[in-house]
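Results of the structural survey
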Amino acid sequence: MNFKFKHTEKIVGTFVFIALVILITGLVLIALSKKIFVETYAYRTKLIDAGGLSVSTTLNFKGYEIGRVKSFSLDQNNNIDVELGIYEKYRDKIVVGSVIYRQVNPITGNMSLIFLYPNRFSVKLADVGINSLALREGSYIPSLDMPDGQKLLEDKIVEKSGDVISIIFEDTRDFMSNIRQEFQLKKDSVKTFFEKIDGFSQSLFENKEVFDHLNRLLSPGDGPIFTMLNQYTEVANRLKTSADQLNQMLDNYKNPEGLMNKMLMVRQDQLGLAVENLNKDLAALHEILAALKEQSPLMARVLDRTEKTLQSLNNHPLLRGGIKKEGSNANTSKKKRVDINE
Amino acid sequence: MKKYTIILSLLCMVLILTGCSSLPKEVAPQTIEMAHIKMKLAREAQGRQAYASALRLFADAYELFTRADHIRGKIDSGLSIARQYFYLDKKAEAETWIQKASDWIKWNAQEMLGAKAILLIEMAFSKDDHQTVVDIAKKTFTPNIEWETEILCYDAASRLKLKMDYSPDLQKILANLPLLEKRFEKNKLEDPEVLSLGYFYAGHILCTAEKKWREALVFFAKAKDVDSLIDNPYGVGKSLYSLGCCYMELGVEKEARSSFERALEIFTLLKDPVMVEKITGKIDSFSKKTD
């Protein structure tokens, strides 16, 4: 059976036409979505890293796309010089104190630029007779990568905003970086850090008893240390009184002239009283020393363990070495082994 | 059209159901993996005799296994918790955990009976309750070669004490030792001390019961080597003491004295007064002979 298309040209023409319409519509839509026909105003900023940056990277403000990266290049100071194109509609948002915040998605690695509008101006506009602080085209907008941008953040003129997860990641990264710098950790020592933290918490847990003892010893009112300190203060006061009396007596004998006269003037009961007081004080001191001796094993134990805790605190953080290991004093195995002829 | 819509809807439903059913499976392995890591860390802590830390880690693992409803892991960690309590001399807590583990084993995992039996045997053997050891060993069958060897070692030693027939146990231990040795070389033994324990008790039975001192020497020497490799000074000390006894029986005084002196050094470091006194007595007997 012969089969022949009657309207081949029309059918092909229609398909080609539809394809062209789709193509042109697509191109127009892409051009519109990319805001190719929108007039832009050029501004500059500087970043420290171009990882994830492309000419299609957008500049967003409160979820709105307010501009786009036009070009970027490496400058003489090894920073990234970025040229931004701000759409006409949002041009008035680019004011003095604005900051660009570079945000890298931790999962995709794509960069997005966030525009941070100042919360307040460093001077009152009305006071200086200015109606607007809008930046002129071609001006430099500081980024948070640069010290001038950081200063604005520190002065709370701008606040970080954007993707919450990215901010958390970045804050965590900054935190870890600070910890590393602070404690001079190596990059691969994060695991060690957490192991040390774990060990430290274990040692703190094991030393709970020490803190309990310390609490008991230091508890005001009924703690033995406080009782002893009270007794000691009392004795010290009495000793001071005795010493004053002795001083007074010695003053009497300081000048040898008329010593015999003065000696004869000394009242027997005064000297007796001083010696008696001294005797009482010595007895009290003896009691305190005995009490101290009684407390000493407990205190020695507590101090010994406190020393260990402080030693580990000293070594912290990162518990370099932790608490010194004592020589093994226990059997390393609990699997009993019977001796010959036992 | 209606037909296609139904087919498409069914396909979508199948896809959704498959996706949903795979979700819990993704969560559970992570928990179990974490639990296994905890178990490993706990065993390391147990190896360092940090029983309190090991107890905490085993408890964490138990929690994770419970969350993932992993019954074998629950039993394993539960028994390990009981073992730590036993090592920490907290018998009541140990008993409670053994009881818990027994219930799970009874209903869910009969294959874990060996692990429970080992713990009970260890506890009985430490109290010199040899009859209990023999009774438990008699009732226990386990395909795990490590558990089996450990049970056989304690059983043979207890049978020797009770003057019962120990030869089947000894034969089985001797048959297991080469297999354990191979696994030890490949670092595949869960508890490498089992190998040294096997060598030690093989030597112990050979010299104590059969008076084969020369053969026993070989086993004690191997036990000492394994214990040295796994950093188990208690085992090294015990093997050296046994070596000294064997050399003494064989009349090789120089070697015997050397072994006793090394054993004395170890037990002095381990602060084991009983062993120190025993070894000092042996060394003194040499001195008396020389005089």
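Residues numbered from 1 in each chain as written. Chains lettered and ligands numbered in written order. Predicted model: local features only at pLDDT ≥ 70, side-chain atom pairs only at ≥ 80, totals over all residues. Heavy atoms only, no water.

Scanning chain B for helices and strands turns up 13 helices and 0 strands. Starting at the N terminus, the α and β elements of chain B follow one another as α-α-α-α-α-α-α-α-α-α-α-α-α. Burial analysis of chain B (291 residues in total) assigns 46% to the buried set. Carbon and sulfur atoms make up 57% of the accessible area of chain B, which amounts to about 15,600 Å² in all. (Helix = DSSP H or I, 4+ residues; strand = E, 2+ residues; numbered from the N terminus. Buried < 20%, exposed > 50% of the residue type's maximum accessible area, 1.4 Å probe, protein only. Areas by Shrake-Rupley, 256 points an atom, 1.4 Å probe, with all protein chains shown as cover.)

The next point concerns the interface of chain A and chain B. Across the contact, 18 residues belong to chain A and 41 residues belong to chain B. Carbon and sulfur atoms make up 48% of the area that chain A and chain B hide from each other, which totals about 2,800 Å². When the buried surface of chain A facing chain B is broken down by residue, Lys335(A), Arg337(A) and Ile340(A) rank first, second and third, together holding 32% of it. A salt bridge links Lys238(B) to Asp339(A); the nearest nitrogen and oxygen atoms lie 3.0 Å apart. Where chain A packs against chain B, one counts 13 residue pairs in polar contact (both at pLDDT 80 or more). Across the side of chain A that touches chain B, the residue classes tally to 3 nonpolar, 6 polar and 9 charged. (Contact = heavy atoms within 4.5 Å. Buried area = accessible area lost by both parts, 1.4 Å probe. Salt bridge = Lys/Arg side-chain N within 4 Å of Asp/Glu carboxyl O. Polar contact = N/O pair within 3.5 Å; in protein donor to acceptor, adjacent residues only side chain to side chain. Nonpolar A, V, L, I, M, F, W, Y, C, P; charged D, E, K, R; others polar.)

On inspection of all chains with the given rule, the structure shows 14 aromatic pairs over all chains. On the numbers, 5.0 Å between centres and 85° between planes, the contact of Tyr62(B) with Trp97(B) is edge-to-face. Here Tyr62(B) is found in helix α2 (residues 51–68), whereas its partner Trp97(B) is found in helix α4 (residues 91–108), with 35 residues between them in sequence. One aromatic cluster is present, built from ring pairs that chain together Phe125(B), Tyr154(B), Phe200(B), Tyr201(B) and Phe220(B). The ring of Tyr41(A) carries Arg91(A) above its face, with NZ or CZ at 4.3 Å from the centroid. Above the ring of Tyr117(A), the side-chain terminus of Lys93(A) is found at 5.9 Å from the ring centroid. (Phe/Tyr/Trp six-rings, centres within 6.5 Å; stacked < 30°, edge-to-face > 60°. Lys NZ or Arg CZ within 6 Å of the ring centre and 35° of its normal.)

Let's shift gears to the confidence of the model for chain B. In the predicted model, chain B carries a mean pLDDT of 86, and 95% of its residues have values of at least 70. Quick note on the complex model: pTM equals 0.46, ipTM equals 0.76. (pLDDT = per-residue confidence, 0-100.)

Right, let's talk about helix α3 (residues 71–87) of chain B for a bit. Spanning 17 residues, α3(B) covers 24 Å between terminal C-alpha atoms, matching the ideal 24 Å at 1.5 Å per step. Burial analysis of α3(B) places 14 of its 17 residues in the buried class, the great majority of the element. (Expected span 1.5 Å × (residues − 1).)

A few words now on a nonpolar patch on the surface. On the surface, Val12(A), Val16(A), Leu20(A), Leu23(A), Ile24(A), Leu27(A), Val28(A), Leu29(A), Leu32(A), Ile36(A) and Phe37(A) cluster together into a nonpolar patch covering about 1,100 Å² of accessible area. Its place among the elements puts Val16(A) in helix α1 (residues 8–33). (Patch = residues over 30% accessible without salt bridge, like charges linked within 9 Å, V, L, I, M, F, W, Y side chains within 5 Å.)

Residues and elements named next belong to chain A. Ordered in space as β1-β4-β3-β2-β6-β5, the 6 strands form an open sheet in which the pairing is mixed. A strand with exactly one partner marks an edge of an open sheet, and here the two such strands are β1 (40–47) and β5 (99–104). Each strand axis lies, on average, 35° off the axis of its neighbour in the sheet, ignoring direction. In this structure, strand β2 (residues 58–61) lies alongside strand β6 (residues 111–116), joined through 2 bridges in parallel fashion. (Pairing = 2+ DSSP bridges. Axes fitted to C-alpha atoms, helices over the stretch in contact; angles between N-to-C directions.)

Bringing a positive patch on the surface into the picture now. Residues and elements named next belong to chain B. A contiguous patch of positive charge on the surface is contributed by Lys182, Arg183, Lys186 and Lys188. Inspection of the secondary structure assignment puts Lys186 in the loop between α8 (167–185) and α9 (193–208). A relative accessible area of 59% means that Lys186 is categorised as exposed. (Lys, Arg positive; Asp, Glu negative; His and termini not counted. Charge placed at Lys NZ, Arg CZ, Asp CG, Glu CD.)

Here we come to the confidence of the model for chain A. In the predicted model, chain A carries a mean pLDDT of 74, and 63% of its residues have values of at least 70. Here residues 324–331 of chain A is a poorly scored stretch, pLDDT under 50, and it has 14 contacts once near neighbours within four places are set aside; other chains count.

Right, let's talk about the nonpolar core for a bit. Leu195(B), Tyr201(B), Phe220(B), Cys246(B), Phe260(B) and Ile279(B) are the most contacted members of the largest nonpolar core, which totals 93 residues. Not counting the four nearest positions on each side in its chain, Phe260(B) is found in contact with Tyr241(B), Gly244(B), Cys245(B), Met248(B), Ile279(B), Lys282(B), Ile283(B) and Phe286(B). Of all hydrophobic cores here, the second largest spans 21 residues; its members include Phe61(A), Ile80(A), Ile94(A) and Met111(A). (Core = buried A, V, L, I, M, F, W, Y, C linked by side-chain atoms within 4.5 Å.)

Turning next to the environment of Gly235(B). Examined against the element boundaries, Gly235(B) turns out to sit in helix α11 (residues 233–250). Ignoring anything within four residues of it in the chain, the contact list for Gly235(B) reads Arg337(A) and Asp227(B).

A word on α4(B). Residues and elements named next belong to chain B. Along its 18 residues, α4 runs 25 Å from first to last C-alpha, staying within 8% of the 26 Å computed at 1.5 Å per residue. Looking at α4, one finds that the buried residues are Ala94, Trp97, Ile98, Ala101, Ser102, Trp104 and Ile105. Next to the buried residues of α4 lie α2, α3 and α5 (113–126).

Residue and element names in this part refer to chain B. Relative orientation of the contacting elements α8 and α9 amounts to 150°, with a least axis distance of 9 Å. Accordingly, the angle class assigned to the pair α8 and α9 is roughly antiparallel. For the element pair α8 and α9, the recorded crossing hand is left-handed. Note on element contacts: α9 touches α8 through Val194, Leu195, Gly198, Tyr199, Ala202, Ile205 and Leu206, opposite Leu170, Ile173, Leu174, Leu177, Leu180, Glu181 and Phe184. When grouped by side-chain class, the residues that make up the contact of α8 with α9 number 12 nonpolar, 1 polar and 1 charged. (Parallel < 35°, antiparallel > 145°, perpendicular 65-115°, else oblique. Left-handed = near helix turned anticlockwise from the far one by under 90°.)

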